Amino acid sequence: MTKRFIGFCFLLAFGMPLLLLSAPLRASEPQVIIDAGRKSVSLIGGHLSLRITPWSAGAIRVEAVPGPQFPQKRSFAVIASPDSAGWTVSRSGGAVTLSGPRLSASLDERTGLVQFLDKSGHVLLAQRAWNFKPAANPSRDGLDIQALFARNAGEHLYGGGVIGADLRHPQADIALENDYLQMHIPILYSSNGYGFFWDNSSRGKLRTTPDSVSWESSAGDEADYYVMVGPGADSVIGEYRLLTGQAPLFPRWAYGFWFSRNAFRSQAEILSAAAHFRKDQLPIDLLIQDYYYWAPNHPSYPDQNWGSHHFDPVRYPDPAAMIKQLHDEDHLHFMAVVWPKFDPATAHARELDQAGGLYPSFNNSGLRFYDPFNPHARQIYGRQVMESLYSLGVDAFWMDAAEPEMPFDKYAAFDTAAGPASRVMDAFPLMHTTSVYTAQRSITSDKRVVLLPRSAWAGEQRNGACSWTSDIRQDWKTLAWQIEGLQNYCVCGLPYVTTDVGGYNPTPQSDRELFVRWFEWGAFCPIFRVHGIARPYPWDYGKLGEDIFRKFDTLRYRLLPYTYTEASRVTMDAGTLMRPLVMDFRNDPRALTQWDEFMYGPSLLICPVYQSSREDAGLPGQFSDHDGSPHSVTASYIRQSGTNTVHEELNDGLVFKDEGAGKQDGPVRAVSVEGTYTPAGDGPLAFEISEPHPAIHPVTMVIDGHAVPSTPYDGDWHFPQFPFVAKSGVPVKFSFETTMSRPAFRVVRNLPLPLHRDVYLPGSGAWYDFWTGDRLAGGETRAVPAPLDMIPIYVRAGAIIPLGAPVQYAAESPNGPIELRVYPGADGSFSLYQDAGDTYAYEKGEYAEIPISWNEARKELTFGARKGGFPAMPAGCTFNIVWVGPNHGVGETTTEKPDSTVTYTGQPMSVRMH
């Protein structure tokens, strides 16, 4: 199919394809049927049947099949019924047009192609072709389906799930499937102001070129998609959530800090961590138990008791008492991990198996996943989780391996209660989270559901789910990918997503600087959560590191009144917390490509730092071992009894793993490494030795026959550097010895400090530097200093930002005074949301809002009459008002001298700026 192809192609069940280039359908005259009640249009006959149905004021559905009849299809994502109020149908000149409140769709009766226009008549999206052919296994999977669309000149696309730079490239070929490290959802948002949802949960492809977008699914009986129009990005997301379900409000504590590690191994370890966080005054609301809390936690029996949901009584003698202590004494909540796979010997597996709710074993272990497409199995699974864990006091559930975690082809061959897995497999996480959400909602309305699945599908937001991006690497490239990927996920309409702050799998880049920068950005993710292998505790990174963590953790908690209010807008007004700039600055061409900045709510511009102060200077080809063999070094593992020497091959980075022969001689006491490094350029460099563990190990280094003392990076002895001056092409012989068991080794070049990053202030309005209070003009790019303890943050002129008192947990001072920072320069408003903090009483109207507005011309701040109420609502609220300016009302600390203090009791009042 060429770029000039305009028309449609189809394939009969066992025939050859017929391509019609800009030609009418000649096989038989199609019949146009207009349903006056639903205001839908069907084109039946020829070799294509097509149906267009208005779904709401701003959304329309298109279905197509290569034959005369439409199948009975069940959508897992879409739960709304069509509403054609305000739509009209007209027919003229060989075209049928459906016109609605926000968009219109025009169907060409001859070609079966559709184009979509905004209210001004501008073409938003035009279809170029249909393509239907038998699936690889047509008796099982039906059709392979494709729809091709023209792409408008200069159009930028966002979304697709957790996608990095793909959509910014001239061409992209994206697999629409959910696996261990990717969440791809067939939803796009266009800079032209529309959204697109391809409603097919089989594996597929999204392909883009500068002038086209195509969607393909490997299984199904019809093409099925929705086009959604604004006027703005929030309205498009509102249409998506009308289709697929609203996102419930999380409890207030869930917008604080979550901590996890791989993995807590005992009750004592969990309680010790809780005590340490409180002692060090690091605000926190949730501790998370990862896997193997069940017995036996032994490498010889890794799959035993999987899915039992039972704590090992030896390591966790009284989990209910542990959770009660976390609640009552430490003011912490507790999350436990659950999986959709089972050891067949467990009672839970046997019950599911008897109900026909288990898939066959997917590997030699014998473990079996349950079938969440089976309503009875979903009910059983949810009940098991409630009986085993919720009954102990567990507050939230980590739903790991929700893809499910097995090879695509293996799962595709299974049969589900909804048909072949190949047809429905991407919807597994949606149905899996439905099980626990439904189970918890069925037994209580007093505790809001909080789920952490490892994958997602359209509609999953309605299950109280926050997805996370799986076991990502601890390196700078991954951090950059996460910064862009989470924005793409949120613009799909799924508002809650998080990442392993710091990364999960260690690499030679696993050092304090990377963790700090990740943490600083993580404080502005929709959900703020640390998780990883080794060194996840803030106190593992020295005093400097811990002080920076405390600074941004404190800021996260001070912003809770702002965050919780914006979270209420997510639930009640189609809001989004993490906002790519296209959502608020669609008319600013520069903002459309600024992927490394985003809005946190409508007022805060966040500019993460994702560049290290060091750059790698050693490639594998620059090293050789002591025998001269390239791409390697010589490593000697010194054991309790004997030494074994191996040639370690260099790949993207060298981490010594003690995988050589000689393990029978006992554990490693030290590692000795020698080799030759040949620099490619001149200048100062350093060998850097580190280990992703908190213990400090001595390192001795010899360079060209001379012992070289270490220079700790920024005062942190965990990451020593050994400097030398390189001359291009002149080999440098080195050797080092350390008691680290798994040292990481690299050559680095230190960059001048402090680092700077370019910051673009979008739009034409003014902005304030959050840290200094300086006012700056929009529409300009600046090189901004970014020392280790700061990332650039800006606030829009006219913003009203409520900050709570410094607290150690979300519920510590819910009715305490609020520092209300007002940023003059433009009119602004904010409606402060308040409720009980948990329970679903807000769904019945038990909440309050305090409308606040700033009038720039009059320099007047007005509090409107309180709207609504709830039983625990305080009678009054103290506001410490700060007119932000240079060095006044800045940073995370409390402003010592507010400009005015008022007590609000629910009645209108005003305060003038002096």
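Keep in mind it's a predicted model, so treat the numbers as computed, not measured.

Regarding the overall build of the protein
At step 1: Within the protein, the secondary structure is distributed over 13 helices and 61 strands.
At step 2: Viewed in the frame of its principal axes, the protein has a C-alpha envelope of about 90 × 75 × 60 Å.
At step 3: Sorting the 914 residues of the protein into buried and exposed places 62% on the buried side.
At step 4: Within the protein, contacts between residues at least 6 apart in sequence are counted, and of these 70% link residues at least 24 apart.
At step 5: When the accessible surface of the protein is split by element, carbon and sulfur atoms take 52% of a total near 33000 Å².
At step 6: Side-chain charges of the protein comprise 78 positive and 99 negative groups, with the mean position of each set lying 4 Å from the other.

Details of the side chain of Arg278
At step 1: Within the secondary structure layout, Arg278 lies in helix H3 (residues 267–279).
At step 2: Despite its burial, Arg278 remains without a salt bridge, the nearest opposite charge being carried by Asp330 at 5.6 Å.
At step 3: With sequence-adjacent residues up to four places away left out, Arg278 is seen in contact with Ile284, Asp330, His331, Leu332, Gln808 and Tyr809.

A closer look at the packing of aromatic side chains
At step 1: Under the definition given, this model contains 72 aromatic pairs.
At step 2: Aromatic rings pair up to connect Phe257, Phe259, Phe264, Phe277, Phe515, Phe519, Phe528, Tyr537, Trp539, Tyr541 and Phe549 into one cluster.
At step 3: Its guanidinium or amino end placed over the ring of Trp771, Lys551 lies 4.4 Å from that ring's centre, counting from NZ or CZ.

Overview of the packing of helix H10 (residues 476–490) against helix H11 (residues 512–522)
At step 1: Taken N-terminus to C-terminus, the directions of H10 and H11 make an angle of 5 degrees; their axes are 11 Å apart at the nearest point. With respect to their mutual orientation, H10 and H11 come out roughly parallel. On the side of H10, the interface is formed by Trp476, Thr478, Leu479, Gln482, Ile483 and Leu486, while H11 contributes Glu513, Leu514, Arg517, Trp518 and Trp521.
At step 2: Taken together, the residues of the contact of H10 with H11 break down into 7 nonpolar, 2 polar and 2 charged.

Details of the pattern of salt bridges
At step 1: On inspection of all chains with the given rule, the structure shows 56 salt bridges.
At step 2: For Glu615, the salt bridge goes to Arg749, with nearest N and O atoms at 2.9 Å. Of this pair, Glu615 sits in strand E35 (residues 614–616) while Arg749 sits in strand E47 (residues 744–750); the two residues are 134 residues apart in sequence, bridging distant segments of the chain.
At step 3: Take Arg749: its relative accessible area is 30%, and that puts it in the partly exposed class.
At step 4: If you follow the salt bridges from partner to partner, you end up with Arg51, Arg61, Glu63, Lys73, Asp199, Glu222 and Asp224 in one network.

A word on the pairing of strand E20 (residues 257–260)
At step 1: Here E20 shows two buried faces, one formed by Phe257 and Phe259 and the other by Trp258 and Ser260.
At step 2: The pairing of E20 with strand E31 (residues 528–530) spans 3 bridges and is classified as parallel. Residue Phe257 lies in a different strand from E31, and its bridge partner there is Phe528.
At step 3: With 3 bridges connecting them, E20 and strand E21 (residues 286–289) associate as parallel partners.

Observations concerning the sheet that holds strand E34 (residues 604–606)
At step 1: With antiparallel pairing, 6 strands are arranged side by side in an open sheet as E32-E33-E34-E52-E49-E50. With one partner strand each, in any of the chains shown, strand E32 (578–580) and strand E50 (775–777) form the two edges of the open sheet. When the angles between neighbouring strand axes are averaged without regard to direction, this sheet yields 35 degrees.

Some remarks on the environment of Val450
At step 1: Mapping Val450 onto the fold places it in the loop between helix H9 (428–443) and strand E28 (451–453).
At step 2: Overall, Val450 belongs to the buried group, its relative accessible area being 0%.
At step 3: A sequence separation of 254 residues divides Val450 from Asp704, and the C-alpha atoms of the two residues are 57 Å apart.
At step 4: In contact with Val450, not counting residues within four places along its chain, are Phe250, Pro251, Trp253, Ala254, Trp258, Met335, Ala396, Phe397 and Gly464.

Quick word on the sheet that holds strand E7 (residues 88–92)
At step 1: The strand order across the open sheet formed by 9 strands is E7-E8-E9-E10-E11-E12-E18-E17-E14, and the pairing between neighbours is antiparallel. At either end of the open sheet lies a strand with only one pairing partner, and these are E7 and strand E14 (172–176). On average, each strand axis in the sheet is tilted by 20 degrees relative to the strand beside it, whichever way the strands run.
At step 2: One ladder, built from 8 bridges, connects strand E11 (residues 123–134) with strand E12 (residues 143–150); its direction is antiparallel. Looking across to E12, one finds that Lys133 is bridged to Asp144.

A word on the nonpolar core
At step 1: Of all hydrophobic cores here, the largest spans 196 residues; its most connected members are Tyr255, Trp258, Leu287, Phe524, Leu861, Phe863 and Phe879.
At step 2: A total of 7 residues in this core trace back to one element, the largest contributor, which is H10.
At step 3: Setting aside anything within four residues of it in sequence, one finds Tyr255 in contact with Leu249, Phe250, Tyr496, Pro526, Ile527, Arg556, Leu560, Thr563, Tyr564, Ala567 and Leu577.
At step 4: Membership of the second largest hydrophobic core comes to 43 residues, among which are Val41, Ala64, Trp130 and Phe149.

Digging into the pairing of strand E57 (residues 860–863)
At step 1: Pairing of strand E56 (residues 847–855) with E57, which is carried by 4 bridges, proceeds in the antiparallel orientation. Note that in E57 the partner of Ser853 across the bridge is Thr862.
At step 2: Following E56, the chain reverses through 4 residues before pairing antiparallel with E57; Lys859 in that reversal takes a positive phi of roughly 55 degrees.
At step 3: Where E57 meets strand E61 (residues 909–912), 4 bridges bridge the pair, whose relative direction is antiparallel. What sits directly across from Phe863, in E61, is Met909.

Looking at helix H4 (residues 319–328)
At step 1: Residues of H4 that are buried: Pro319, Met322, Ile323 and Leu326. End-on view of H4: buried residues confined to an arc of 95 degrees, all on one side of the axis.
At step 2: As for H4, its buried residues are in contact with H3, E21 and strand E22 (333–338).

Examining the environment of Glu849
At step 1: Along the polypeptide, Glu849 turns up in strand E56.
At step 2: Its relative accessible area of 24% is what places Glu849 among the partly exposed residues.
At step 3: Residues Glu849 and Gln834, spaced 15 residues apart in sequence, show a C-alpha to C-alpha distance of 6.2 Å.
At step 4: The residues touching Glu849, leaving out its near neighbours within four places in the chain, are Ser831, Leu832, Tyr833, Ala865, Arg866 and Lys867.

A few points about H10
At step 1: Over its 15 residues, H10 extends 22 Å from the first C-alpha to the last, a length consistent with the 21 Å expected when each residue adds 1.5 Å.
At step 2: With respect to burial, H10 is a largely interior element, 13 of its 15 residues being buried.

A word on the packing of H3 against H4
At step 1: Where H3 meets H4, the closest approach of the two axes is 11 Å, and the angle between their N-to-C directions is 0 degrees. With respect to H4, the element H3 is oriented roughly parallel. For the pair formed by H3 and H4, the contact residues are Gln267, Ile270, Leu271 and Ala274 on the first element and Pro319, Met322, Gln325 and Leu326 on the second.
At step 2: For the contact of H3 with H4, the residue count by class is 6 nonpolar, 2 polar and no charged.

Looking at the side chain of Arg448
At step 1: You can see Arg448 is positioned in the loop between H9 and E28.
At step 2: There is a polar contact of 2.9 Å between the side chain of Arg448 and the side chain of Asp835.

Focus: unusual backbone geometry
At step 1: Going from Ala295 to Pro296, the amide bond is cis rather than trans, its omega being 5 degrees.
At step 2: Inspection of the secondary structure puts Pro296 in the loop between E21 and H4.
At step 3: Omega for the bond connecting Glu403 with Pro404 falls within 30 degrees of zero, at 5 degrees, which places this linkage in the cis form.
At step 4: Mapped onto the fold, Pro404 is located in the loop between strand E25 (396–399) and helix H7 (408–412).
At step 5: One non-glycine residue, Gln281, lies in the positive phi region at around 55 degrees.
At step 6: By the secondary structure assignment, Gln281 is in the loop between H3 and E21.
At step 7: The backbone of Asn297 sits at a positive phi, close to 55 degrees, despite the residue not being glycine.

Conventions used here
Residues numbered from 1 in each chain as written. Predicted model: local features only at pLDDT ≥ 70, side-chain atom pairs only at ≥ 80, totals over all residues. Heavy atoms only, no water. Helix = DSSP H or I, 4+ residues; strand = E, 2+ residues; numbered from the N terminus. Buried < 20%, exposed > 50% of the residue type's maximum accessible area, 1.4 Å probe, protein only. Contact = heavy atoms within 4.5 Å. Areas by Shrake-Rupley, 256 points an atom, 1.4 Å probe, with all protein chains shown as cover. Lys, Arg positive; Asp, Glu negative; His and termini not counted. Charge placed at Lys NZ, Arg CZ, Asp CG, Glu CD. Salt bridge = Lys/Arg side-chain N within 4 Å of Asp/Glu carboxyl O. Phe/Tyr/Trp six-rings, centres within 6.5 Å; stacked < 30°, edge-to-face > 60°. Lys NZ or Arg CZ within 6 Å of the ring centre and 35° of its normal. Axes fitted to C-alpha atoms, helices over the stretch in contact; angles between N-to-C directions. Parallel < 35°, antiparallel > 145°, perpendicular 65-115°, else oblique. Nonpolar A, V, L, I, M, F, W, Y, C, P; charged D, E, K, R; others polar. Pairing = 2+ DSSP bridges. Core = buried A, V, L, I, M, F, W, Y, C linked by side-chain atoms within 4.5 Å. Arc of directions from axis to C-beta. Expected span 1.5 Å × (residues − 1). Polar contact = N/O pair within 3.5 Å; in protein donor to acceptor, adjacent residues only side chain to side chain.

Honestly, it's all geometry; don't read function into it.
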